[in-house]
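# Structural description and commentary
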Amino acid sequence: KTAYEIRNCDWSSDVCSSDLELETHRYAERVGFDQSRVAQLQEMVNAHLVELAPNEATVASELAESIRYSLLAPGKRARAILTLLVTADLDGDMTLALGPACAVELLHTASLVVDDLPAMDDASVRRGRDSNHVRFGEDTAILAAITMLSDAFGVVARCQQLDAQCRADIVETLSRRVGMHGLAAGQHLDLRAEHDGGSAPQIERIYRLKTGALFAASAWLGGRVLGSDSGRLDALSELDRKSTRLN
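In this text the structure is predicted, and so the values were computed from the model without any measurement.

### Let's talk about a negative patch on the surface
Taken together, the side chains of Glu-62, Glu-65, Asp-121, Asp-122, Glu-138 and Asp-139 present a region of like negative charge at the surface. Contributing elements (two or more residues each) for the negative patch: helix 4 (61–71) and helix 8 (138–157). The residue Glu-65 is located in helix 4 in this model. A relative accessible area of 32% places Glu-65 in the partly exposed class.

Spelled out as structure tokens, the structure:
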């Protein structure tokens, strides 16, 4: 079954985000989803993100606008689609995975806003337009990232169609893949590598943490929403563990 096959794909080594997105599309083809069906999944994710995004008619309207600006910007939604594809491949109901999939997109978008800041990668353009801090200022961009980060866990907590243990497992896994076993650690190592120069193993570790970890967690989510006692979930769990290992 392809859930086992993806465990053996070294998605989380020395590859960049575009490579992982390509692997997601190849996986989609293997499980019978053509590009039109993938586009439908993108629309499903985008529609749910619109529902999750804060209304601009709030007390902090500029902050809400900043969040919507980055969260609803054109994107491939590869991580969320991967979650949905795994659920579908395991003969599950994709609507069970939609909330957690969109939580991953919130986390990913928050990380992009932070990465672009002058103290980080100092990028002025993201997805073909001004970075969030260029458009709204560094202060608002930081608050937008914090809000999306916290909202992601709230989205999971409110997924009442999932049992309490499932929600707790998802929150625990995502928290690790954002912190010291994922995005934050990878960004820190990346910043140091820019100043010190990075060896091949260091660069590989950066890719595993900054990119591979959240992709692997996205695949695991697609299985976890269907239960915790499946051999297929064991395969996906191994992929998640593999994402931050060097050997």
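Read on for the rest.
### Some thoughts on the pattern of salt bridges
Throughout the structure, instances matching the rule amount to seven salt bridges. In this structure, Asp-169 engages Arg-224 in a salt bridge whose closest nitrogen and oxygen atoms are separated by 2.9 Å. Taken together, the residues Asp-169 in helix 9 (residues 164–178) and Arg-224 in helix 11 (residues 200–224) connect sequence positions 55 residues apart. Judged by its relative accessible area of 22%, Asp-169 is partly exposed. Using a relative accessible area of 4% as the deciding quantity, one classes Arg-224 as buried.

### Some details on unusual backbone geometry
In the Ramachandran plot, Asp-91 falls in the positive-phi region, its phi being about 65 degrees despite a non-glycine side chain. Tracing the chain through its elements places Asp-91 in the loop between helix 5 (78–89) and helix 6 (95–115). A relative accessible area of 66% means that Asp-91 is categorised as exposed. In the Ramachandran plot, Arg-127 falls in the positive-phi region, its phi being about 55 degrees despite a non-glycine side chain. Structurally, Arg-127 is set in the loop between strand 1 (125–126) and strand 2 (129–130).

### Quick notes on the state of the cysteines
All chains considered together, the criterion is met by zero disulfides. Note on Cys-102: no disulfide assigned, nearest cysteine sulfur contributed by Cys-159 at a separation of 9.1 Å. Sulfur of Cys-159: no disulfide; nearest cysteine sulfur belongs to Cys-166 and is 8.6 Å away.

The rules behind these values
- Residues numbered from 1 in each chain as written.
- Predicted model: local features only at pLDDT ≥ 70, side-chain atom pairs only at ≥ 80, totals over all residues.
- Heavy atoms only, no water.
- Patch = residues over 30% accessible without salt bridge, like charges linked within 9 Å, V, L, I, M, F, W, Y side chains within 5 Å.
- Areas by Shrake-Rupley, 256 points an atom, 1.4 Å probe, with all protein chains shown as cover.
- Salt bridge = Lys/Arg side-chain N within 4 Å of Asp/Glu carboxyl O.
- Lys, Arg positive; Asp, Glu negative; His and termini not counted.
- Charge placed at Lys NZ, Arg CZ, Asp CG, Glu CD.
- Helix = DSSP H or I, 4+ residues; strand = E, 2+ residues; numbered from the N terminus.
- Buried < 20%, exposed > 50% of the residue type's maximum accessible area, 1.4 Å probe, protein only.
- Disulfide = S-S within 2.5 Å.

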